[in-house]
Amino acid sequence: MAASAGGLAMAYSAQAGAILTGEASKPALLGGRPVRTKPFPQWPVWDASAEEHVLSILRSGNWFRGSGETVTQFEKAYAELLGARRALCVVNGTNALLTAMHVLDVGVGDEVIVPPYTFIATYNVVFQSCALPVFADTDPETMQIDPDKIEARITERTRAIMPVHILGQPANMDRIMAIARKHNLVVIEDACQAWLGEWRGRKLGTIGDLGCFSFQNSKHLPCGEGGAVVGNDDGVMDRAQSFHNCGRPYGSVKGRGYPIIGTNRRMTEYQAAILLSQMKRLEADTAKRREHAAYLDSILKDVPGILPQKVYEGGRGVYHLYAFRVKQEALGLSRGRFMEALRAEGIPCSSGYGPQYRDGLIEDAINSKNFKRSFPAARLKSYREELVYPENDRLCAEAVWLTQNLLLGTKQDIDDIANAIIKIYENRGKLA
Ligand SMILES: *Cc1c(COP(=O)(O)O)cnc(C)c1O
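In this report, we go over the structure that sits alongside the text. Note that the coordinates shown come from a computational prediction; the quantities given were computed from them, not determined experimentally.

Before going further, it helps to spend a moment on the overall build of the protein. In terms of regular secondary structure, the protein is built from 16 helices and 13 strands. Since a compact globule built from 432 residues should have a radius of gyration of about 22 Å, the 23 Å found for the protein is in line with a globular shape. Seen along its three principal axes, the alpha-carbon backbone of the protein occupies a region of about 80 × 60 × 35 Å. Per-residue burial for the protein yields a buried fraction of 55% across its 432 residues. Expressed as a percentage of contacts within the protein between residues at least 6 apart in sequence, the contacts between residues at least 24 apart total 70%. Within the structure as shown, the protein displays about 17,800 Å² of accessible surface, and the carbon and sulfur contribution to it stands at 52%. Taking the average place of the 51 positive charges on the side chains of the protein and the average place of its 48 negative ones, the gap between the two points comes to 2 Å.

Spelled out as structure tokens, the structure:
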């Protein structure tokens, strides 16, 4: 199972360049020379076409979407890119999810099946809608919601499944859609990390009833703050358009004044101009990240105790994060010590999501007036007792993440990452 020292050294020299000798072989954490001192590529990256476009909008004074065409233009281009019928821009990914829930009538008193291993917004939107996020434990290999754990969590209140394509790799959409159909549930894909990710050739975010995206600064298609809801049902998308614009008539939402209740989640024109320019680089960046992630996978598979995130057969990821698990028994180092050593070698990394269900927000929600009115006390009690997710707890204790910009440079950057990890492995005795 474990690669021999010779096998690893061979992988090291053949794939990742030179075997380090002398000072360079000593861990940086113990005073040796770091593998890398250069920074990785910066994110985001802007270009001159955005500068001209944003300036022209600035000078026109037509900053809101009602007085321009830029947001509409981006919506059309983004829908086309994904192979979706429609896209609607909103202020951010969180509000994209809230909009999707509202127009699919998922809300007060409902239960929504979600993964525990996700950005906190996925929990928050369900709580904010006065619904209960019911967690299905994590599949540790893929880090996605475990489809085998979903059905046991369905109750008579369950209305929706909200799979998250976490870290940019797909959730198992075959299984999720089959469960949803069987139990008559709607599916809202949280694709806020998965622009251009795929499931059996279809783009993530276009498979469920609605898909939601984020265009926040750190995301692959950024404009500071922004988001989109994507869908194929004109009636639902008309409702979303109307809802996000104060409930004004739109398409099949007819009438005078304000025929439905609404809110204001409109994107500004200059944000859409930035998105149009960012979209030009999305496909090439995605291809580069995939190539570099596959190359890093091919090296790390031989390092004992380092287990890269797996992607389900039929899926293609986009690597918003490159993640692996550190198995302390096999590596001979704790995750904390490994990360310290990796950072010392010049490779930034993070430990990712913690067990957020213990942070306090669950108690905050279920002790609130709104939750007490919306759910029977017995359900809130049993919900609290269900908050046991051993696989997710273990993943939270073992994961290491590298941010997407680390994959956007050269092959030499990936060799540096691999060399640093192998150097740590080879020095595990001294570092422990
Ligand atoms: C970023 C993100 C969101 C929220 O998007 P914002 O634009 O930051 O509101 C939701 N879900 C996931 C999984 C995300 O990564």
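Let us now look at the packing of aromatic side chains. Any two aromatic rings considered together are summarised by their centre-to-centre distance and by the angle between their planes. Within this structure, the stated rule accounts for 17 aromatic pairs. When the centroid spacing of 5.6 Å and the interplanar angle of 85° are considered together, the rings of Phe74 and Phe215 count as edge-to-face. Placement of Phe74 in helix H3 (residues 70-82) and of Phe215 in the loop between strand E8 (210-214) and strand E9 (227-231) is noted, with a sequence separation of 141 residues between them. Neither Phe74 nor Phe215 differs from the other in exposure class; each is buried. Seen in terms of ring centroids, Tyr117 and Tyr353 are 5.2 Å apart; in terms of plane orientation they differ by 80°. Their pairing is edge-to-face. With Tyr117 in the loop between strand E2 (111-114) and helix H5 (120-128) and Tyr353 in the loop between helix H10 (335-344) and helix H11 (361-366), the pair connects residues that are 236 residues apart, well separated along the chain. When its relative accessible area of 9% is taken as the criterion, Tyr353 is described as buried. Grouped by ring-pair contacts, the aromatic residues Phe74, Tyr78, Phe213 and Phe215 constitute a single cluster. Lying over the aromatic face of Phe40, Arg36 brings its terminal NZ or CZ to 3.9 Å of the ring centre.

This part takes up the nonpolar core. With 86 residues, the main nonpolar core has Phe74, Tyr78 and Phe215 as its most contacted residues. With six residues, the top contributor of residues to this core is helix H4 (residues 93-103). Mapping this core onto the domain boundaries places at least three of its residues in each of domain 1 (7-43 + 280-352 + 395-431) and domain 2 (48-277). Beyond its immediate chain neighbours, meaning those up to four positions away, Phe74 contacts Cys89, Phe215, Leu221, Ala272, Leu275, Leu276 and Met279. The next biggest cluster of nonpolar side chains, apart from the first, holds 33 residues, and it includes Ile306, Tyr319, Leu333 and Cys349.

Bridge analysis of E2 against strand E4 (residues 158-161) gives three bridges, and the strand direction is parallel. Bridging from a neighbouring strand, Ile113 pairs with Ile161 of E4. Pairing between E4 and strand E5 (residues 186-190): two bridges, direction parallel. Looking across to E5, one finds that Ile161 is bridged to Val187. Note on the crossover from E4 through helix H6 (residues 173-183) to E5: the handedness is right-handed.

What follows is about H4. The buried fraction of H4 amounts to nine of the 11 residues, a majority that puts the element mostly inside the structure. Of the residues that open H4, the one with a side-chain oxygen 3.3 Å from the backbone nitrogen of Thr94 is Asn92. Asp105 occupies a position one or two residues after H4 and carries a positive phi of about 60°.

Turning to the pairing of E2, a few remarks are in order. Neither face of E2 is exposed, since Glu111 and Ile113 on one face and Val112 and Val114 on the opposite face are all buried. Summarising the sheet, E2 and strand E3 (residues 132-135) pair through four bridges and their orientation is parallel. For Val114, the partnering residue across the bridge sits in E3 and is Phe135. At this point the chain moves from E2, through H5, to the parallel E3, and the crossover so formed is right-handed.

About the criteria used
Residues numbered from 1 in each chain as written. Predicted model: local features only at pLDDT ≥ 70, side-chain atom pairs only at ≥ 80, totals over all residues. Heavy atoms only, no water. Helix = DSSP H or I, 4+ residues; strand = E, 2+ residues; numbered from the N terminus. Rg over C-alpha atoms; globule rule 2.2 N^0.38 Å. Buried < 20%, exposed > 50% of the residue type's maximum accessible area, 1.4 Å probe, protein only. Contact = heavy atoms within 4.5 Å. Areas by Shrake-Rupley, 256 points an atom, 1.4 Å probe, with all protein chains shown as cover. Lys, Arg positive; Asp, Glu negative; His and termini not counted. Charge placed at Lys NZ, Arg CZ, Asp CG, Glu CD. Phe/Tyr/Trp six-rings, centres within 6.5 Å; stacked < 30°, edge-to-face > 60°. Lys NZ or Arg CZ within 6 Å of the ring centre and 35° of its normal. Core = buried A, V, L, I, M, F, W, Y, C linked by side-chain atoms within 4.5 Å. Domains from an automatic or database assignment. Pairing = 2+ DSSP bridges. Right-handed = clockwise from strand over helix to strand, strands pointing away. Polar contact = N/O pair within 3.5 Å; in protein donor to acceptor, adjacent residues only side chain to side chain.

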